[in-house]
Each structure stands twice: as C-alpha cells, then as structure tokens.
Number of protein chains: 2
Amino acid sequence: MEPDILELESFLPYRLYRLADTVSREFSRIYKERHGLTRPEWRTLSGLGERGTMTATELGEQSAMHKTKVSRAVAELERRRWLTRKPDENDRRVEHLALTKTGLAAYREMVPLAKAFERELLGKLSVEERVAIARGVAALEGTLERK
Amino acid sequence: MEPDILELESFLPYRLYRLADTVSREFSRIYKERHGLTRPEWRTLSGLGERGTMTATELGEQSAMHKTKVSRAVAELERRRWLTRKPDENDRRVEHLALTKTGLAAYREMVPLAKAFERELLGKLSVEERVAIARGVAALEGTLERK
DNA sequence: CCAAACTGGTTTCATTTGTAACCATTGAAA
DNA sequence: TTTCAATGGTTACAAATGAAACCAGTTTGG
C-alpha cells in the first residue's frame, strides 16, 4: 500500500457521504414525487409532526438545518397552509409553529412510507449487520456532538 | 411508541445524512482553507492522484459525481494548470486527464492531511466501534450497489 | 452505406444553498 | 434609564447544483 496515495474507495468521509447521499436521494423520491417537498420542507413537516409545536430555532436544532433553510421551508409550508405561526406571549421575536389539519394529514400519510423505506433498507441486512451499522453510527455521532 | 409518529432522531436515512454532512463539512475545511477547492474539485484531484490517468466518465464513476460536476471541476483544475487533457487516439470524444506537476504537488500535500483526519476521527472510537462502522457501512453499500 | 440511436462531454437555465448583512426585540450592564 | 451585546428570524447576493438540451463523434441495424 503506497503511503502517499489515498484510496478514495476506502476513505471513510467519502464512503459515508456517498452512502448517505444515495440513501437520502432515494428516500427523497418519496416526498418529492408525492408532494413536491424539498428536504428542508420534509424535515420541517416531520419535526412538527413529531413534536407538535416548535419554534424555528428548535426546528433547526432538532433537524440539523441552518436557520435560513428553516426559514425558507417554514415560509413554503405556510404558503401551502400546512402550518401556522403563533407569536409568543412573552417574547415577540419568537413564533410557535404547528401543523394545520392539512399539514398533519400529509405528515400522517408520509410516516408509514418513511418507515417502510427504512424497513426495506435494513431488511436487506443480516441481524449482525444491522447491529453494526446502528452501533457504528451511534459511536461516530457521539464523538462529533461533544465538540 | 406511537405508531403514527416518526422519530427523526432514530431514523436511519436522517442520521446517516447528518453524520456524513458533519464529517464532510469538517473535512472540507482542509481543502477549502488550504487551496480553495470545492468538493468536486477535491474529488477530482484525489481521483487523478490515486489512479494517474482517467477520463471524465471514469472520474464520475469512481467518485460518484454527476457528469456536470466532473466537467466543472475539471475545467477549474485545468484553469489552475493542475491537470491537462490529452485526446484519445481512437475515440475523439474522449479525453485522458492527468495531473500536472503542480497538481500532483497539491495532491501529495493533501494526502497526509486527509489520512490524519480519518485517523483522528476513528481514533476516538473503540476497536469494536471501528469494526462496527466499517462492517455496517460496507453492508449498506453492498445492498445499494446491486440494484 | 446511411439513418437512427447512443455516448463523452459541455452549456444553459432554474432551483437550492451558504454567507453575511440585516431588522426587531430582548437582556444585561453601567 | 440608556446603551450595547445577544438572539429569533428574514432577506439579499453569490456560488453550487441538477435537469435537460445540446454538440460532437461513434456504433448499430436495415
């Protein structure tokens, strides 16, 4: 093995990125084809569906998005009347976001599709492989968040 | 556990993407700060450094990039005089790309930095965790490529 | 042969993204 | 209080991206 050569094929950052990109691209077909959502929009929908009510900042933290992405996604979902904003009582900078009936319906429709996608993906692995990916990803997440 | 709720925090596509995004973003600082390269440019440099000579199509396959990304990255590296194109003898559509001395020097400078980055990342994991991530990623790669 | 389909690579255009500046409001300090 | 730093969120602008059209040049089938 040449020391001054980098094997892209086995370089972890590259492999991780390519893997995530492929998986995410395939999954995105689901919400893109069904509702024409972008990834930030899907994450916003998903975050609010899961938690009920959140501020834009919280959304950004929960779903690892830059605040401009959140802002744009929220604006678009609002335009579709999938969510509403309610000003905070005490702090007039803050808005509490929540899904409307329509937004919730879309969310409820997406959840089983998302779960099925994940199930199918993991279904191709052996039990040990599933354990391995879960453990490995968790470990890396752990090292990254504390910094 | 509510069946009609999706926990983003434990949803594999999301976790993978976030992880890869974080790692890749951090790694990108290295080639961005040092040479002002974009990711496609870095991958092009890295691919040619590793293999010596490649066509644009091969580059795209090796580094999982859309052909327009390759085209643009190659154009930029050529502008910097980091690579040259040599027309194919038999097929005049094809160009063989190779790094110049300058390009190779940049590559040689980057390789140890890339390796150090990976080493440091993996260094925070236990041996079992390293095995787990390697195995898990390989398994998922396997399921995705055969389709 | 020769048209039609295909392939390597580039370009155009619309969309998405990131950075930085920005506005309004709030909290803390003097 | 007044001022100044910090915070929630939006906007403007430049750069990166993807889809589709495109321009050679090449292969294939009739």
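This text goes with the structure placed above it.
Residues numbered from 1 in each chain as written. Chains lettered and ligands numbered in written order. Predicted model: local features only at pLDDT ≥ 70, side-chain atom pairs only at ≥ 80, totals over all residues. Heavy atoms only, no water.

Participant: Help me out: how do you make sense of the protein's contact with DNA strand D in this one?
Facilitator: Contacts to DNA strand D come from 21 residues, most closely from Thr 57, Arg 85 and Arg 93 of chain A together with Arg 72 and Arg 92 of chain B. A share of 56% of the atoms of DNA strand D within 4 Å of the protein falls on sugar and phosphate groups. Taking Ala 56 of chain A, its main chain carries an N or O atom lying 3.3 Å from a phosphate oxygen of DNA strand D. Here a phosphate oxygen of DNA strand D and a backbone polar atom of Glu 95 of chain A are 3.1 Å apart. Broken down by secondary-structure element, the contributors of at least two residues to the surface near DNA strand D are α3 (56-63) and α4 (67-79) of chain A together with α4 (67-79) of chain B. Here the surface near DNA strand D is composed, by residue class, of 3 nonpolar, 7 polar and 11 charged. (Near = heavy atom within 4 Å. Polar contact = N/O pair within 3.5 Å; in protein donor to acceptor, adjacent residues only side chain to side chain. Helix = DSSP H or I, 4+ residues; strand = E, 2+ residues; numbered from the N terminus. Nonpolar A, V, L, I, M, F, W, Y, C, P; charged D, E, K, R; others polar.)

Participant: What should I look at first to understand the protein's contact with DNA strand C in this one?
Facilitator: In the vicinity of DNA strand C lie 22 residues, with Arg 72 and Arg 92 of chain A together with Thr 57, Arg 85 and Arg 93 of chain B positioned nearest. One nitrogen or oxygen atom from the side chain of Arg 72 of chain A is found 2.6 Å from a base oxygen belonging to DNA strand C. Within the contact set of DNA strand C, a phosphate oxygen lies 2.8 Å away from a backbone nitrogen or oxygen of Arg 92 of chain A. Among the secondary structure elements, those contributing two or more residues to the surface near DNA strand C are α4 of chain A together with α3 (56-63) and α4 of chain B. Per-element tally for the surface near DNA strand C: the top contributor is α4 of chain B, with 4 residues. When grouped by side-chain class, the residues that make up the surface near DNA strand C number 3 nonpolar, 8 polar and 11 charged.

Participant: Can you help me understand helix α1 (residues 12-35) of chain A in this one?
Facilitator: What sets the pattern is the α-helix's 3.6 residues per turn: residues three or four places apart point alike. Residues and elements named next belong to chain A. Compared with the 34 Å implied by 1.5 Å per residue over 24 residues, the 34 Å span of α1 between its first and last C-alpha is a close match. Along its length, α1 reaches its greatest deviation from straightness, about 25°, at Ser 28. Just downstream of α1, Gly 36 is the residue with a positive phi angle, here 65°. (Expected span 1.5 Å × (residues − 1). Bend = angle between axes of the 7 residues up to and from the residue.)

Participant: Which parts of the structure should I look at to understand the pattern of salt bridges?
Facilitator: In this structure the tally under the stated criterion is 22 salt bridges over all chains. Asp 4 of chain A serves as the salt-bridge partner of Arg 108 of chain B, at 3.9 Å between the closest nitrogen and oxygen. Separated into two different chains, Arg 108 of chain B in helix α5 (residues 101-123) and Asp 4 of chain A in the segment before α1 make up a pair that spans both. Here Arg 108 of chain B falls in the partly exposed class, since its relative accessible area comes to 47%. With relative accessibility at 33%, the residue Asp 4 of chain A sits in the partly exposed group. A salt bridge links Asp 91 of chain B to Arg 93 of chain B, with the shortest nitrogen-to-oxygen separation between them at 2.7 Å. Since its relative accessible area comes to 25%, Asp 91 of chain B is described here as partly exposed. By relative accessible area, Arg 93 of chain B is classed as exposed at 72%. One network of salt bridges, in which partners are shared, links Glu 9, Arg 15 and Arg 18 of chain A together with Glu 141 of chain B. (Salt bridge = Lys/Arg side-chain N within 4 Å of Asp/Glu carboxyl O. Buried < 20%, exposed > 50% of the residue type's maximum accessible area, 1.4 Å probe, protein only.)

Participant: Sorry, what's going on with the packing of aromatic side chains here?
Facilitator: Given two aromatic rings, one states the distance between the centres and the angle between the planes to describe the pair. A full pass over the atoms with the stated rule returns 10 aromatic pairs over all chains. Pairing Phe 11 of chain A with Phe 27 of chain B gives two aromatic rings, centres 5.2 Å apart and planes at 65°, and the pair type is edge-to-face. Remark: Phe 27 of chain B occurs in helix α1 (residues 12-35) and Phe 11 of chain A occurs in the segment before α1; the pair is interchain, linking two chains. Here Phe 27 of chain B and Phe 117 of chain B contribute two aromatic rings whose centre-to-centre distance is 5.2 Å and whose plane-to-plane angle is 50°, an arrangement assigned as tilted. Placement of Phe 27 of chain B in helix α1 and of Phe 117 of chain B in helix α5 is noted, with a sequence separation of 90 residues between them. The class of Phe 27 of chain B is buried, set by a relative accessible area of 4%. For Phe 117 of chain B, a relative accessible area of 14% translates into the label buried. Counting every residue linked through ring pairs, the aromatic cluster contains Phe 11 of chain A together with Phe 27, Tyr 31, Trp 42 and Phe 117 of chain B. Just above the ring of Trp 82 of chain A sits the side chain of Arg 80 of chain A; from NZ or CZ to the centre is 5.0 Å. (Phe/Tyr/Trp six-rings, centres within 6.5 Å; stacked < 30°, edge-to-face > 60°. Lys NZ or Arg CZ within 6 Å of the ring centre and 35° of its normal.)

Participant: Whenever I open this one, the interface of chain A and chain B confuses me. Can you help?
Facilitator: When the parts of a complex come together, some accessible area is lost, and that lost area is often taken as the interface size. With 60 residues of chain A at the interface, the matching set in chain B holds 60 residues. Taken together, the links from chain A to chain B amount to 6 salt bridges. A salt bridge links Glu 141 of chain A to Arg 18 of chain B; its shortest N-O distance comes to 3.3 Å. The tally of links between chain A and chain B comes to 16 residue pairs in polar contact (both at pLDDT 80 or more). Mapped onto the side of chain A that touches chain B, the elements with two or more residues apiece are α1, α2 (39-51), α3, α5 (101-123) and α6 (127-145) of chain A. Here the residues of the side of chain A that touches chain B are counted per class, giving 31 nonpolar, 10 polar and 19 charged. (Contact = heavy atoms within 4.5 Å.)

Everything listed here is a matter of geometry and, on its own, says nothing about what the molecule does.
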